[in-house]
Amino acid sequence: MEKIRVIDSHTAGEPTRLVVSGAPDLGGGILAERFARLRENFDWLRTSLCLEPRASEAAVGALLCEPDDPANDAAVIFFNNSGYLGMCGHATIGLVATLEYLGKMQAGEYRIETPVGVVGAKLHGNGRVTVSNVASYRLRKDLAVEAEGYGTVKGDIAWGGNWFFLVRDPGIGLQKANLEKLMGFAKAVRKGLETAGIRGDDGGEIDHIEVVGDGDEGVDSRNFVLCPGAEYDRSPCGTGVSAKLACLYVDGDLKEGEVWRQAGILGGVFEGKVSIVNGEIIPEITGEAFVTAVTEIVFSPGDPYQHGIS
């Protein structure tokens with residue numbers, strides 16, 4: 001009977017499930033090679049941990065790996081109910097909080113390898129975590145897309161570790177009470193992008209839709225983020241905030257080092273700012289995660305749903 005140990009946490013309400021032992025052997029090589037082996041040969045790990053009957057489909061899984069470069073402190077591969085993520089801000093915060101819980105990290109600065117590059121992480125003495133993300137940028141501004149039922153909408157394509165289409169709230173209202181309507185709108189926008197064949201500059205799918213609105217009550221903006229797999233991000237979304245910060249900076253609406261407070265659909269807040277390093281926009285996202293469970297995943301022989309219900 002196989003067993004895998006995971007530690008669950010949430011960051012502003014968005015769950016992370018970190019695999020700490022018992023995962024399949026991905027062999028040697030750089031992280032990209034191990035990532036490919038996981039996706040091609042061991043996808044059952046993703047489906048087992050992120051789908052029913054063991055999980056909510058909002059959960060993001062994270063596989064803790066040895067780093068390629070010994071100068072780095074950890075490596076991680078992210079996945080969710082529909083596939084794999086290049087980077088995940090909330091899950092990186094959850095990773096650091098979990099490693100602190102395990103006694104493997106103390107207040108200080110760390111370097112973490114992800115499939116899209118090395119990110120920085122600072123664990124503060126109060127338990128909060130700042131993630132220095134990969135370089136982020138806007139690819140296109142005010143791109144028109146046909147969204148069925150909503151007509152033509154305009155938004156920005158931006159990279160924050162994943163591809164995003166950032167579009168203004170059409171008047172639905174960025175409150176949890178309006179989730180069904182927000183989901184419908186965001187899905188229509190994503191379908192419009194797919195139908196038009198609009199993709200990122202590396203050919204990547206624009207699979208995150210970020211609906212943005214004005215701020216209130218001490219925050220600069222509110223958002224709703226539709227993630228791949230048709231679930232919504234409970235947090236403000238770390239890579240989504242990164243994409244937003246990049247757009248703000250190039251438009252001249254955010255200065256280097258200026259703090260931006262971004263609220264998610266549940267009201268949780270990430271603080272963000274940008275640094276310019278060698279001409280590139282490096283977003284810094286600060287938030288807090290809480291460990292919620294230490295779990296031993298059991299694969300019982302004969303269980304028809306041991307690898308998830310897909």
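Keep in mind it's a predicted model, so treat the numbers as computed, not measured. Along each chain, residue indices are assigned from 1 in the same order as the chain's sequence is written. Local features in a predicted model are, by the rule used here, given only for residues with pLDDT of at least 70; side-chain atom pairs are given and counted only at 80 or more, and totals for whole chains, interfaces and linings are based on all residues. Note that water and hydrogens are dropped before the side-chain values are worked out from all heavy atoms of the structure.

**Regarding empty space enclosed by the protein**
Argument step 1. A cavity here means a set of 1 Å grid points, computed over protein atoms only, where a 1.4 Å probe fits but cannot escape. A pocket is an open set with protein on both sides within 12 Å along at least 5 of 7 lines, and lining residues have an atom within 4 Å of a point. Grid points are joined across faces, edges and corners, and a volume is the space filled by probe spheres set on the points. Under the criterion given, the structure shown has one cavity of 30 Å³ or more.
Argument step 2. Considering only enclosed or pocket space, the largest cavity measures out at about 150 Å³ in volume.
Argument step 3. Lining the largest cavity are 22 residues; nearest its centre among them are Glu14, Val60, Leu85, Cys227 and Asp233.
Argument step 4. Listed by contribution, the elements that provide at least two residues to the lining of the largest cavity are α3 (89–101) and α5 (238–250).
Argument step 5. Considered class by class, the residues forming the lining of the largest cavity number ten nonpolar, eight polar and four charged. Runs of H or I in DSSP of at least four residues are treated as helices and runs of E of at least two as strands, each being numbered from the N terminus. Any residue that is not Ala, Val, Leu, Ile, Met, Phe, Trp, Tyr, Cys, Pro, Asp, Glu, Lys or Arg is counted as polar, Gly included; the first ten are nonpolar and the last four charged.

**Considering unusual backbone geometry**
Argument step 1. A cis amide bond links glutamate 52 to the next residue, proline 53, at an omega of 10 degrees.
Argument step 2. Within the element layout of this structure, proline 53 appears in the loop between α2 (43–50) and β3 (60–65).
Argument step 3. Unlike most non-glycine residues, cysteine 237 shows phi in positive territory, near 75 degrees.
Argument step 4. On the secondary structure map, cysteine 237 appears in the loop between β13 (221–226) and α5.
Argument step 5. Three exposure classes are used, based on accessible area relative to the maximum for each residue type with a 1.4 Å probe and protein chains only: buried under 20%, partly exposed in between, and exposed over 50%. Since its relative accessible area comes to 4%, cysteine 237 is described here as buried.
Argument step 6. Notably, asparagine 278 is not glycine yet its phi reads approximately 50 degrees, a positive angle.
Argument step 7. Take asparagine 278: it is sitting in the loop between β15 (269–277) and β16 (280–287).
Argument step 8. Looking at asparagine 278, the relative accessible area reads 79%, which means it is exposed.

**Focus on the pairing of strand β6 (residues 108–114)**
Argument step 1. Two strands qualify as a pair provided that DSSP identifies no fewer than 2 bridges between them. Taken together, the two bridges between strand β4 (residues 74–79) and β6 define a ladder with parallel strand orientation. Paired with alanine 75 across the strands is glutamate 113, a residue of β6.
Argument step 2. Note: β6 against strand β7 (residues 117–123), seven bridges, orientation antiparallel. Residue pairing in the sheet places threonine 114 in a bridge with glycine 117 of β7.
Argument step 3. Linking β6 back to β7 in an antiparallel pair, the connection comprises two residues.

**Thoughts on the nonpolar core**
Argument step 1. In plain words, nonpolar cores are sets of buried Ala, Val, Leu, Ile, Met, Phe, Trp, Tyr and Cys residues tied together by side-chain atoms within 4.5 Å. In terms of nonpolar packing, the biggest core is built from 61 residues, with Phe165 and Phe224 touching the most fellow members.
Argument step 2. Considering every element that reaches this core, the biggest residue donor is helix α4 (residues 179–196), with eight residues.
Argument step 3. Any two residues whose heavy atoms approach within 4.5 Å at even a single point are treated as in contact. Apart from residues lying up to four places away in sequence, phenylalanine 165 is in contact with Leu143, Val145, Lys154, Gly155, Asp156, Ile157, Val189, Leu193, Ile206, His208, Ile209 and Glu210.
Argument step 4. Counting 18 residues, the second largest nonpolar core, distinct from the first, contains Ile4, Leu26, Tyr84 and Ile297.

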